[in-house]
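# Chains, contacts and geometry: an overview
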Amino acid sequence: MLVGTVIGNVWATHKDPTLEGMRLLIVQPMDAHGKGTAESVVAVDPMGAGIGERVLVVFGRAARHVIGKGHDIGFQTAICGIIDQMELGGRTYAPHVDQDKHS
Amino acid sequence: MLVGTVIGNVWATHKDPTLEGMRLLIVQPMDAHGKGTAESVVAVDPMGAGIGERVLVVFGRAARHVIGKGHDIGFQTAICGIIDQMELGGRTYAPHVDQDKHS
Amino acid sequence: MLVGTVIGNVWATHKDPTLEGMRLLIVQPMDAHGKGTAESVVAVDPMGAGIGERVLVVFGRAARHVIGKGHDIGFQTAICGIIDQMELGGRTYAPHVDQDKHS
Amino acid sequence: MLVGTVIGNVWATHKDPTLEGMRLLIVQPMDAHGKGTAESVVAVDPMGAGIGERVLVVFGRAARHVIGKGHDIGFQTAICGIIDQMELGGRTYAPHVDQDKHS
Amino acid sequence: MLVGTVIGNVWATHKDPTLEGMRLLIVQPMDAHGKGTAESVVAVDPMGAGIGERVLVVFGRAARHVIGKGHDIGFQTAICGIIDQMELGGRTYAPHVDQDKHS
C-alpha cells in the first residue's frame, strides 16, 4: 500500500477480457522524502484520478475488492483513494504534483 | 513484516468505502543499521501511533487480521505494534526517533 | 502489475509438468521515466507477444486467471495485455521499443 | 524465502493480541556474495535463534504454518530454520556471523 | 517468477519439520542484461539442479504446487525448471554459467 503520483496512461487492445473497460494508469511511488522514486506501477483506476494527482495504491486481494468484479480477474493493482492532503516531515503537501517536478 | 518510523499522515475524501474512518500513516522502513530507508509505505493504524514512533508493519492477510473487519477491504498494510525497545548491533534504541534524524 | 518490454525467451526441458507448452518470455520492467530497469522477470505469455513489444505483466492469482488452467500450476507471472499506446510525462510512446535502446 | 543473519531484537507492549509471547527478531538478508544487505526484516522466531546466527526466513502462508497458530494472526514473517552450514561460490561458511563483520 | 543461477547450498538441522529432506539452494537472480544481481533467494529444489545451472524460480502458491506436499508447508520458493537455452538481447546463452563470471 503506497502513495504515488499518476504520471501516465496505458492502452491495450489485445488483453485479457477482464481488463475490458478498465482505465489503466501509470503511477510513480513516493519515497520517504516526498519525491518520486525511479520505479513505476500500473494500476486499474476506479476512482477517476487525473495526471499529477496523488493517489493511494493497493495490491492483491485488496485491489480486487476495490475493483468489485470478484476474484477471477487479470489484474492485481488498483487505486483505492485520491489524496486531499498529506503531511510529511512537518510539511503539508498539496494534492497535485507539478508535472515539472515529479521526476 | 518490518520495523519503520511514522513520518506522516495522508487524508483522502474520495476513496474506497472500506477506508472510511481509517487512520492512514506514512511509514519509513528501517534499514539493517537502524537508519530510515529511501522508501515509504502507507499503513492503516489501529494502534494510535504518533509521528516519530517506531512501529511494526504487516502486510496482506496479517494486516487484514489486525484491522479486524474481515477480508473484503481495500487495503493490505497495517501497523500491528508500537515498539518500546529495540536492540540492534549491540545498541539499544529509544522508542522515538528524533524528527531531525530520521531521514 | 507493471509495464515492461519483452527482451528474451527461455526454454526448459526439465520442468514442472504444468509448464508444458507454455511460452516463457523475459520481460524488463519500465521505470518512471519510460526506460528499462536493471531487473528482469519471467512471464508466461498467452498473448503472443514478440521481442521488443511493451506488455502488461501481472502476478499471483491474477496471473493464474490469465492463464486459465486453474490454481494448481507451477508459475505465478503472466502477460495480460500488449500495449498499443502509452502516454508518460506528456510524451506518447510507440508500442515497440527499439532493440538498441531498451537497455 | 531467504538466508539472513539475526542482528537484533524488538519489544512491543502495545500490539495485536496474537503477537503476545512471540519473539521478534530483526534479520539482515544475505546478498549473492554472502554479505549482509542494507535492508532488514522482522521475523517471529519459534526456533530460538540467537544474535549472529544465520537463519532461513519465510513469508506469508509458509510463515503462518511455521508458527502453527492458524491463519488469523497479525504477522507474516517467520524463521523456519537455523543454518548449520552454507556453501556459496566455492566457500564454506560457518553458522555464525562475526558481529563486527555483518554490516 | 525469475531466472537465476544456482550459486550455493544451505543445510539446517534445526528447522520446521516440513523442510525435512528438502534440498535448499541459493539462487542469484539474473538482471535484464543477463548478469547476476546483488540479491539472493533460497529455493527448495525438486528438480536436481546443480551449482552453476540456470533455473526458473517461482514463489507462493506456485512453489507449493511444484513441491507437491500440499499447502501446509514452511517454505514458499521453489525451482520449477532447469533452463536449456535462453535468448536475451539477440544473444544465445548456454545453460551453465561459468562460476568465475556469475558474480
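Look a little higher up for the structure.
Worth saying up front: this structure is predicted, and the values here are computed from it rather than measured. (Residues numbered from 1 in each chain as written. Chains lettered and ligands numbered in written order. Predicted model: local features only at pLDDT ≥ 70, side-chain atom pairs only at ≥ 80, totals over all residues.)

A count of helical and extended segments in chain A gives one helix and eight strands. The order of α-helices and β-strands along chain A, N terminus first, is β-β-β-β-β-α-β-β-β. What you see for chain A is a C-alpha radius of gyration of 14 Å, in line with the 13 Å of a compact globule of 103 residues. Projected onto its principal axes, the C-alpha positions of chain A cover 45 × 25 × 20 Å. Of all 103 residues assigned to chain A, the portion counted as buried reaches 55%. (Helix = DSSP H or I, 4+ residues; strand = E, 2+ residues; numbered from the N terminus. Rg over C-alpha atoms; globule rule 2.2 N^0.38 Å. Buried ≥ 20, exposed ≤ 12 C-beta atoms within 10 Å, placed from the backbone.)

Below, the discussion takes up the arrangement of the chains. In this view chain A stays clear of chain D, with the nearest C-alpha atoms of the two still 13 Å from each other. Left apart from each other, chain B and chain E have a closest C-alpha approach of 13 Å. (Contact = placed C-beta atoms within 7 Å.)

Each copy superposes on the other: chain B lies on chain A with an RMSD of 0.0 Å after a rotation of 72° and an axial shift of 0.0 Å. When the rotation and shift are considered jointly, the pair of chain copies conforms to a five-fold rotation axis. Ranked by how close their C-alpha atoms come to the rotation axis, the residues of chain B are headed by G60 of chain B, at 6.8 Å. Of all interface residues in chain B, a mere 3% are interface residues in chain A too; the two copies therefore contact each other through different surfaces. (Least-squares fit on C-alpha atoms with pLDDT ≥ 70 in both.)

Before going further, it helps to spend a moment on the interface of chain B and chain A. On the side of chain A, 27 residues touch chain B, which itself brings 31 residues to the contact. Breaking the side of chain B that touches chain A down by element, the ones donating at least two residues are β1 (2-11), β2 (14-15), β3 (24-29) and β4 (41-44) of chain B. Considering each element in turn, the side of chain B that touches chain A owes the most residues, five residues, to β1 of chain B. For the side of chain B that touches chain A, the residue count by class is 12 nonpolar, 15 polar and four charged. One ladder, built from two bridges, connects strand β6 (residues 77-82) of chain A with β2 of chain B; its direction is antiparallel. The residue of β2 of chain B that forms the bridge with I82 of chain A is H14 of chain B. (Nonpolar A, V, L, I, M, F, W, Y, C, P; charged D, E, K, R; others polar. Pairing = 2+ DSSP bridges.)

Once that is clear, we can look at helix α1 (residues 60-67) of chain A. Residue and element names in this part refer to chain A. The element α1 is extensively covered by neighbouring structure, given that seven of its eight residues are classed as buried. Considered for burial, the residues of α1 that qualify are R61, A62, A63, R64, H65, V66 and I67. Looking at the buried positions of α1, the neighbouring elements they touch are β4 (41-44), β5 (54-59) and β6. Phi turns positive, to about 75°, at G68, one or two residues after α1.

This part covers the relation of the copies chain E and chain D. Least-squares fitting of chain E to chain D yields an RMSD of 0.0 Å, with the superposition described by an axial translation of 0.0 Å and a rotation of 72°. When the interface residues of chain E are mapped onto chain D, a mere 3% of them again fall at the interface, so the copies present different faces.

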